[in-house]
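Chains, contacts and geometry: an overview
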Amino acid sequence: MKMQSNFLCALVLFMTASFGMLHAQDDNVTTEFGVKGGFNMSNLYQNDADDENVLYGFNAGVYATLPVSDFIAIQPELLFTTKGAELDYNNAFASGNAKFKLNYIELPLLVRVNITKNFNVHAGGYASYLVSSKVTGDGDFNFDEEIDTDDLNKFDAGLSAGVGVDFNPISVGLRYNYGLTTVGKERTTAAGTYTFPDAKNSNLTLYVSYKLN
């Protein structure tokens, strides 16, 4: 997704520049435990992917912030999150839309850096396990079919990066997840070997978290 890729590049440059400011911060990172949830904009990307196949969904779960130094912490999370893609079609034969929905249990592991008392950047990786999947369609063709997860790659992993603003005990933030593994499994037929679907997850999240302690 072009929008998310541009965001990720800008974020990496911003994080690099921000490290020069860290020595001026006097605010301590404290241990936190809380709940969080948010709004997802997901897609499946290939070399020719664009922003027209966005599927809207959600995420929800728990997190902990474990201090390492005065301004750095490790932040593990455990989330239920939706991913996938939506395709609109309109041609001489039919019109409508189809949604490919993937539901994961996800474990992000992030390094959080407090730039100021109320602003942080975070980056790391995530690992996910596929718990359910389905494809639905509306239009000239209506369908709602569960997909056997054994037909897909049950494990997903990738990179995460984002920014957050803290209004104790509530925080809001924006994060992008860039998948590194294909959603589909490799298959072998008489015609050769192929992977279907030969695409990877891409997910932009707007989240809200609430500190419990």
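Before any of the text, the structure's been laid out above.
My aim in this report is to walk through the structure given alongside it, one point at a time. (Residues numbered from 1 in each chain as written. Predicted model: local features only at pLDDT ≥ 70, side-chain atom pairs only at ≥ 80, totals over all residues. Heavy atoms only, no water.)

Notes on the overall build of the protein chain
For the protein chain, the count of helices and strands is 1 helix and 11 strands. Secondary structure elements of the protein chain, listed N to C terminal, follow the sequence α-β-β-β-β-β-β-β-β-β-β-β. The burial tally for the protein chain puts 40% of its 213 residues in the buried class. Carbon together with sulfur atoms contributes 61% to the accessible area of the protein chain, which is approximately 11,200 Å² in total. (Helix = DSSP H or I, 4+ residues; strand = E, 2+ residues; numbered from the N terminus. Buried < 20%, exposed > 50% of the residue type's maximum accessible area, 1.4 Å probe, protein only. Areas by Shrake-Rupley, 256 points an atom, 1.4 Å probe, with all protein chains shown as cover.)

Details of the side chain of Arg-112
Locating Arg-112 in the fold gives a position in strand S4 (residues 95-116). Among the residues examined, Arg-112 registers a relative accessible area of 8% and is labelled buried. Only 3.1 Å separates the side chain of Arg-112 from the side chain of Asp-166, close enough to count as a polar contact. Those residues in contact with Arg-112 that sit more than four places away from it in its chain are Glu-32, Thr-65, Phe-71, Ile-72, Ala-73, Gln-75, Asn-120, Val-121, His-122 and Asp-166. (Polar contact = N/O pair within 3.5 Å; in protein donor to acceptor, adjacent residues only side chain to side chain. Contact = heavy atoms within 4.5 Å.)

With respect to the nonpolar core
Formed by Leu-44, Ala-85, Phe-100, Leu-102, Tyr-104, Leu-130, Leu-152, Val-183 and Ala-199, the largest nonpolar core amounts to 9 residues. Among the elements that take part in this core, S4 stands out by supplying 3 residues, more than any other. (Core = buried A, V, L, I, M, F, W, Y, C linked by side-chain atoms within 4.5 Å.)

Looking at unusual backbone geometry
Glycine aside, negative phi is the norm for most residues, and most peptide bonds take the trans geometry. Put simply, Asn-168 and Pro-169 share a cis peptide bond, and its omega is 10°. Residue position: Pro-169 is located in the loop between strand S7 (155-167) and strand S8 (170-182).

Quick notes on the pattern of salt bridges
Oppositely charged side chains can form a pair if their charged atoms are brought close together. Under the criterion given, the structure shown has 8 salt bridges. Glu-77 is the partner of Lys-36 in a salt bridge, and the nearest nitrogen-oxygen pair spans 3.1 Å. Residue Lys-36 is found in strand S1 (residues 32-45), and its partner Glu-77 is found in strand S3 (residues 72-90); the two are separated by 41 residues along the sequence. On the basis of relative accessible area, Glu-77 is assigned to the buried category, the value being 2%. Notably, a salt bridge pairs Glu-106 with Lys-83, separated by 2.8 Å at the nearest N-O pair. (Salt bridge = Lys/Arg side-chain N within 4 Å of Asp/Glu carboxyl O.)

Here we look at the side chain of Lys-83
Structurally, Lys-83 can be placed in strand S3. For Lys-83, a relative accessible area of 1% corresponds to the buried category. At 2.8 Å, the side chain of Lys-83 and the side chain of Glu-106 are in polar contact.

Remember that the coordinates give geometry; whether it matters functionally is a separate question.
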